[in-house]
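# Structural overview for review
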Amino acid sequence: MCGIVSYLGNQNALPLLLDGLQRLEYRGYDSAGIFIQAGDKAHNGKVSGKVDDLRKHFETSLLKEAHVGLGHTRWATHGKPNQINAHPHESNDGSLVLVHNGIIENYESLKTILVEKGYRFKSETDSEVLINWIQEIKNSKQLTLGEAVHWALQTVVGAYGIVVFDKTQPDTLVTARLGSPLVIGVGEDEYFVASDATPFIQHTRNVIYLNDHEMAILQKNKPIEVQHLKSNTPIDPEIEKLHWNLEDIQKGGYDHFMLKEIFEQPQAIKNTLRGRVNLEQSKIDLSSMKRNEDRFIHATRIIILGCGTSWHAGLVGEYLIETLARIPVEVEYASEFRYRNPILYPTDIVIPISQSGETADTLAAVNIAKENGAFIYGICNVVGATIPRATDDGVYTHAGPEIGVASTKAFTSQVVVLIMMALKLARLKNALPNDQINELLLELNRLPENLETLLQHIEPIQHLAKTFDTATNCLYLGRGYNFPVALEGALKLKEISYIHAEGYPAAEMKHGPIALIDEEMPVIVIATKKGHYDKIVSNIQEIKSRKGRIIAIVSEGDETVKKLADHVIEIPISSEIFTPIYATLPLQLLSYYIAVNRNCNVDQPRNLAKSVTVE
Ligand code: AGP
């Protein structure tokens, strides 16, 4: 997700836009840009870097005073984070300027049409295609800016929050949204348009929240025109009063970024899936896998590298790929792999997984693998980060910026990518019947809505967290796909509540850990119906007979475990491959509420950093 902010009024736009973008950096911060215009002078300044770099850039600008402008801080989805790809983007004839938050899925087909008409593109972005599409419609049909934006968006597929400016009509801004947030600040003879209200809250608390498929035309000294892009009907905008403060808005009203990001998981997974799962044709469209199809078909081994939560996602990937595609997988701690003088073959595919794309151990392991001639295919959340730049190819999770140190939405997005890859490999290797793949794709597509439902019933977890306040140790147990979930749940608890916790394969309990069980030791068991259910039930009975406190994550309606456990948390019944996503969510919330009850610094836990860029 990116941050956009635009201004039309009587104040100097430049400082408003710079300060506004600074407040939106939590939405993305790999590059930034501002366009301002005064009379026949204009300046479109863009930098690869943060808003501070943009501020420095404008210190030498000849244009110091302007009353209209558009600003953007980028979280790259198409095209590397660099100055060329930074917004605002201008149309070929130089008349139109746009800032965009979202993903235009059909940008390549629109670009083909435009190139055939003689358009040329400077950047790799979908956004530059969009502004030229608007120019083409405007000029070819002799339309006003508002009419042209309305027309152009009828043929756009994807998500957008946009602001468009015509240099020949400097008293007008046009904005529209579908799937990306936009809010209009209505001041005294001035308008703000931004991704949220943080950039303008100290100037006005009067806001209009644009809804999906709505477009607004803002003109100086004129009432706002809002219209519905589908029905073409005018809408009487409702002006609401803001009661938030600045910090609340950045956290979306949540107390912590971690909680916000837990609740963002349905949307994050929608973004991960966007344009990649075609249900009608039962296809998985991962262009980077397509480009390397031969390698994947002939791969004799896959080695997954990662650290921490990303290593746990890799472990889920092992179960997925070996079960569905029958390709041998090894999952390695990057920090061990890099020093072990690993044995690699040209038919190996090495898959580094990293949210930040900057983890030193993972990067070092990638370089070792490269030196040994392996093909490197990365899974990362930050476009253009160091690790993706070191790989031969890869796929982005598109989970959006993850600010909380404890990884949540990045993990579930990584698992979703691995599910798509495993299903794609299963099809390439003819390892799974098509009807089974189709069924799993339908279930994959229902993940976001099912997670939304799960997130509406969190009170039992909040209540359960209160019973953990004095715990000093905790055991997490799971089998099969739920073993990595046990590890991930234990890591979440450790890193934000400072309670010691260990994740184990449930069957391992008899080989030592069962000695730990007593009435003081909470034991969290992921006991979903699919997989080795009877075995896990007998593990629960063993714990119960030693007076262990049992908290079980169960499939909806499970009455058997309910009789044995002290507490149960229900998750949707699903195919086994999806339980890591459903089961991890309550464990994220449980860790979060325990940490809050213990007054820990949830977003910045002691001794930790969001990205471990040192060894
Ligand atoms: C997980 O909650 C931690 N923040 C940590 O284990 C993290 O997963 C690990 O440092 C790897 O980071 P990366 O995914 O950015 O490479």
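Relevant structure appears above.
Parameters and conventions
- Every chain's residues receive numbers from 1 upward, in the order its sequence appears when written.
- Where local features are concerned, this predicted model is filtered to residues with pLDDT of at least 70; where side-chain atom pairs are given and counted, the filter is 80 or more; whole-chain, interface and lining totals use all residues.
- Hydrogens are left out, water is left out, and the side-chain values use all remaining heavy atoms of the structure.
- Strand pairing is defined by DSSP finding a minimum of two bridges between the two strands.
- Elements are defined by DSSP. Helices are runs of H or I of four residues or more, strands are runs of E of two residues or more, and each kind is numbered from the N terminus.
- The contact rule is simple, with two residues in contact once any of their heavy atoms fall within 4.5 Å.
- Working convention: axes come from line fits to C-alpha atoms, limited for helices to the stretch in contact. Angles between N-to-C directions cover 0 to 180 degrees.
- Per-residue accessibility, obtained with a 1.4 Å probe over protein chains only, is compared with the maximum for each type, and a residue is labelled buried under 20%, exposed over 50%, and partly exposed between these values.
- An arc is given here, and it is the one of the directions from the helix axis to the C-beta atoms.
- Salt-bridge detection follows one rule: a side-chain nitrogen of Lys or Arg within 4 Å of a carboxyl oxygen of Asp or Glu.
- Note on convention: the crossing is left-handed when the near helix lies turned anticlockwise from the far helix by less than a right angle, right-handed when the turn is clockwise.
- In this count, Pro and Cys sit with the nonpolar residues alongside Ala, Val, Leu, Ile, Met, Phe, Trp and Tyr, while Asp, Glu, Lys and Arg are called charged and the others, Gly among them, polar.
- Put simply, two rings from Phe, Tyr or Trp (the six-membered ring, in Trp's case) pair if the centres are within 6.5 Å, and we call them stacked under 30 degrees between planes, edge-to-face over 60, tilted for the rest.
- Only lysine NZ and arginine CZ atoms are considered, and such an atom sits over a ring when it is within 6 Å of the ring centre and within 35 degrees of the ring normal.
- The criterion for a residue being near a molecule or strand is simple. One of its heavy atoms has to lie within 4 Å of it.
- Any pair of N or O atoms that falls within 3.5 Å is considered a polar contact. Within protein, one atom must be able to donate a hydrogen and the other to accept it, and sequence-neighbouring residues count only if both atoms are side-chain atoms.
- Crossover handedness is defined by viewing with both strands directed away from the observer: a clockwise path from the first strand over the helix to the second marks the crossover as right-handed.

## Concerning the sheet that holds strand 14 (residues 234-235)
A sheet is described by the order of its strands in space; here seven strands give the open sequence 5-6-7-8-12-13-14, paired in antiparallel fashion. At either margin of the open sheet sits one strand with a lone partner, and together these are strand 5 (89-90) and strand 14. As paired elements, strand 8 (residues 172-178) and strand 12 (residues 214-219) share six bridges and run antiparallel to each other. Note on strand 12: the bridge partner recorded for T175 is A216. Helix 5 (residues 145-153) rests against strand 6 (96-104), strand 7 (158-166), strand 8, strand 12 and strand 13 (225-228) of the sheet, and its axis sits at about 160° to strand 7.

## Some points on helix 5
Burial within helix 5 is extensive, with seven of its nine residues counted as buried. What helix 5 keeps buried is the set L145, G146, A148, V149, H150, A152 and L153. Taken together, the buried residues of helix 5 touch strand 6, helix 4 (126-141), strand 7, strand 8, strand 12 and strand 13.

## Description of helix 2 (residues 51-59)
Turning to helix 2, its buried residues are V51, L54 and F58. Buried residues of helix 2, seen end-on, are gathered within an arc of 50° and therefore sit on one face of the element. When the buried face of helix 2 is taken as reference, the exposed residues oriented beyond 90 degrees from it are K56 and E59. Looking at the buried side of helix 2, the elements it contacts are helix 1 (13-24), strand 2 (31-38), strand 3 (41-47) and strand 4 (68-74).

## Remarks on the pattern of salt bridges
One pass over the full model with this rule turns up 20 salt bridges. One salt bridge in this structure joins K138 and D166, with 3.2 Å as the shortest N-O distance. You can see K138 sitting in helix 4 and its partner D166 sitting in strand 7, a full 28 residues away along the chain. Residue K138 is classed as buried on the basis of its relative accessible area, which comes to 14%.

## Side note on the packing of helix 8 (residues 265-273) against helix 15 (residues 409-428)
Between helix 8 and helix 15, the shortest axis-to-axis distance is 9 Å and the interhelical angle comes to 35°. For helix 8 against helix 15, the interelement crossing comes out right-handed. Here helix 8 contributes Q265, A268, I269, T272 and L273 to the contact with helix 15, which in turn contributes K409, T412, S413, V416, V417 and M420. Residues that form the contact of helix 8 with helix 15 fall into these classes: six nonpolar, four polar and one charged.

## Brief notes about the packing of aromatic side chains
Going through the model one piece at a time under the given rule, you end up with nine aromatic pairs. One aromatic cluster is present, formed by Y7, F192 and F200 through successive ring pairs. Positioned over the ring face of W151 is K141, at 4.3 Å from the centre of the ring.

## Thoughts on the pairing of strand 12
Sheet faces and side chains relate simply in a regular strand, where the side chains alternate between the two faces. Of all six residues that make up strand 12, six are buried, and the element is covered over most of its length. The alternating pattern of strand 12 places E214, A216 and L218 and M215, I217 and Q219 on opposite faces, both of which are buried. The pairing of strand 12 with strand 13 spans four bridges and is antiparallel. Opposite I217, over in strand 13, you have E225 as the bridge partner. Where strand 12 folds back on strand 13, the antiparallel hairpin that results is connected by five residues, among which N221 adopts a positive phi of roughly 55°.

## A short note on the site of the ligand
If you check the shell around the ligand, you find 15 residues, and the closest are S310, S354, S356, T359 and E495. Side-chain polar atom of S354 to an oxygen atom of the ligand: 2.7 Å apart, as the coordinates give it. Mapped by element, the contributors of at least two residues to the shell around the ligand are helix 11 (308-325) and helix 19 (482-497). Considering only residue class, the shell around the ligand consists of five nonpolar, eight polar and two charged.

## Concerning unusual backbone geometry
Between H87 and the following residue, P88, the backbone shows a cis peptide bond with an omega angle of 5°. Along the chain, P88 turns up in the loop between strand 4 and strand 5. Residues other than glycine seldom take positive phi values, yet D189 does so here, at roughly 50°. Within the secondary structure, D189 sits in the loop between strand 9 (183-187) and strand 10 (190-194). A relative accessible area of 47% places D189 in the partly exposed class.

## Quick notes on the sheet that holds strand 18 (residues 301-306)
The parallel open sheet is built from five strands, whose spatial order is 19-18-20-21-22. The sheet is open, and its two edges are formed by strand 19 (329-333) and strand 22 (393-396), each paired on a single side. Adjacent strand axes in the sheet meet at a mean angle of 20°, parallel and antiparallel pairs treated alike. Two strands pair when backbone bridges link them, and strand 20 (residues 348-354) and strand 21 (residues 375-380) are joined in this way by four bridges, in the parallel orientation. Following the sheet pairing, S354 is matched in strand 21 by C380. In the packing of helix 15 onto the sheet, the strands contacted are strand 18, strand 20, strand 21 and strand 22, and the crossing angle to strand 21 comes to about 140°.

## Considerations on the pairing of strand 20
Summarising burial for strand 20: seven of the seven residues are buried, a large majority. By the alternation rule, side chains of strand 20 split into D348, V350, P352 and S354 and I349, I351 and I353, which are all buried. Pairing of strand 18 with strand 20, which is carried by five bridges, proceeds in the parallel orientation. If you follow R301 over to strand 20, its bridge partner there is D348. The handedness of the strand 20 to strand 21 crossover, carried by helix 13 (residues 360-371), is right-handed.

Without other data, these values stay purely geometric and don't point to any function.
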